[in-house]
Amino acid sequence: MSIYLFTRGFLLLVLFLSCCQTNGQINERYVLVIHGGAGTILQKNMTPEKETAYKEGLKAALEKGYAILKNNGSSLDAVTEAVKVLEDNPLFNAGKGAVFTNAGTNEMDAAIMDGRTKAAGSVAGVATIKNPVTAARAVMEKSEHVMLTGKGAEQFAAANNCTMVDPAYFFTQARWDALQKVKAEDSSKMEMDHNPRHAADTSKNFPIAYKESYEYHISKFGTVGAVALDKMGNLAAATSTGGMTNKKWGRVGDAPIIGAGTYADNSTCAVSCTGWGEYFIRAVVAKSISDQIKYAKLSIATAAKNSLDEVAAMGGDGGLVALDKNGNFTQSFNTDGMYRGSVKADGIIEVAIYK
């Protein structure tokens, strides 16, 4: 009788744990997926040392976020900290590695969204916030607003304990050199060479030698981002960028616009985009992916492909990382490469760069 009772009790315990997992109380499918920008990224233009540095940067961000998820932390904390690591790395076009505007300044944008509540926050055109993603989160959690811009966003960030720095902190020689190259080759550059409608013009403006240079490469991509699913089944997304080299007039891309470059909803997915922002805004890419999952019942991969196809049809390009509520994810792009990486509950980190 005692053996029977023991066996029965054991089976009931297994059944209970299984039910808990199904209800999201215990979720061993937690995932973190990141990107560091998509664009003209060709292996022939990359030294082995530089390639290793990019991969180590991606790995460091994944390790930081994974540690949070593994120790029962929230997806919001995971994406915040992963993006902060990338913002602090001058190799990536966000935070310390932000590109320069036409005026020779750095203007950064960032956004974050909580899939559980669909609360969101973003900042745009900021120049003195060390980690713009922290300011975006402060907007979400400590204000009644969603987006703050420029000086007002900086005042709010300072009042809410975000780390502030002198604008000189963001200077990097490689980004400065890239701006000078772009200005020299095309004084009115706001169109990118991969736009088929302008291929003839840009072939004149950008000599082959320059197009194969590292300076050209780092002027042609940008944005970092992360999406995560935590043990409680909550999704989150965060995106941060320095924007487009030589941008003018306070230009803002898709990264800080909720639904365009950043989106999260526990019932569908979390998305962070990178690429030619004007097209991602017009296609409302991030929200479109969520809607395709919700209403058309499409997979995360199919929905992402559809949205990027729409961007391409209009003449734009770029990429994204997207993660659904079940832990399925995609790292989709229609460019030559995208800095990207992922880690699941097993702790195995995978990073990649090229197509």
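See the structure shown above.
Predicted model only: the values in this text are computed from it and were never measured. (Residues numbered from 1 in each chain as written. Predicted model: local features only at pLDDT ≥ 70, side-chain atom pairs only at ≥ 80, totals over all residues. Heavy atoms only, no water.)

Peer 1: Is there a simple way to think about the pairing of strand β10 (residues 329-333) in this case?
Peer 2: Note on strand geometry: in a regular strand, side chains alternate between the two faces of the sheet. Where strand β9 (residues 318-324) lies against β10, five bridges are found, and the strand directions are antiparallel. When the bridges of β10 are listed, V321 appears paired with Q331. The turn linking β9 back onto β10 is made up of four residues, and G327 within it adopts a positive phi angle of 95°. (Pairing = 2+ DSSP bridges. Helix = DSSP H or I, 4+ residues; strand = E, 2+ residues; numbered from the N terminus.)

Peer 1: Can you walk me through the pattern of salt bridges in this structure?
Peer 2: Once the charged atoms of two side chains with opposite charge are near each other, the side chains can pair. A full pass over the atoms with the stated rule returns 10 salt bridges. Residues E154 and K151 are paired through a salt bridge, measuring 3.9 Å at the closest nitrogen-oxygen approach. With a gap of three residues between them, E154 and K151 both fall in helix α5 (residues 150-159), about one helical turn apart. Using a relative accessible area of 7% as the deciding quantity, one classes E154 as buried. Taking relative accessible area as the criterion, K151 reaches 62% and is therefore assigned exposed. Between D291 and K287 there is a salt bridge, with its nearest N and O atoms 2.7 Å apart. Taken together, the positions of D291 and K287, both in helix α11 (residues 285-295) and four residues apart, correspond to about one turn of that helix. Residues participating in the shared-partner salt-bridge network are D77, R137 and E141. (Salt bridge = Lys/Arg side-chain N within 4 Å of Asp/Glu carboxyl O. Buried < 20%, exposed > 50% of the residue type's maximum accessible area, 1.4 Å probe, protein only.)

Peer 1: What's the story with the environment of G319 in this structure? I'm lost.
Peer 2: Note on placement: G319 falls in strand β9. Sequence separation between G319 and C273 is 46 residues, and the spatial gap between their C-alpha atoms is 6.0 Å.

Peer 1: Explanation requested: the packing of aromatic side chains in the structure shown.
Peer 2: Any aromatic ring pair is given by two values, namely how distant the centres are and how the planes are angled relative to each other. If you walk through the whole model with that rule in mind, you get nine aromatic pairs. Ring centres 4.3 Å apart and planes at 20° place the aromatic pair Y54 and Y339 in the stacked group. Separated by 285 residues along the polypeptide, Y54 in helix α2 (residues 48-70) and Y339 in strand β11 (residues 337-344) bring together distant segments of the chain. One exposure class covers both Y54 and Y339, and it is buried. An angle of 80° between the planes, with centres 5.0 Å apart, marks the rings of Y169 and F170 as edge-to-face. (Phe/Tyr/Trp six-rings, centres within 6.5 Å; stacked < 30°, edge-to-face > 60°.)

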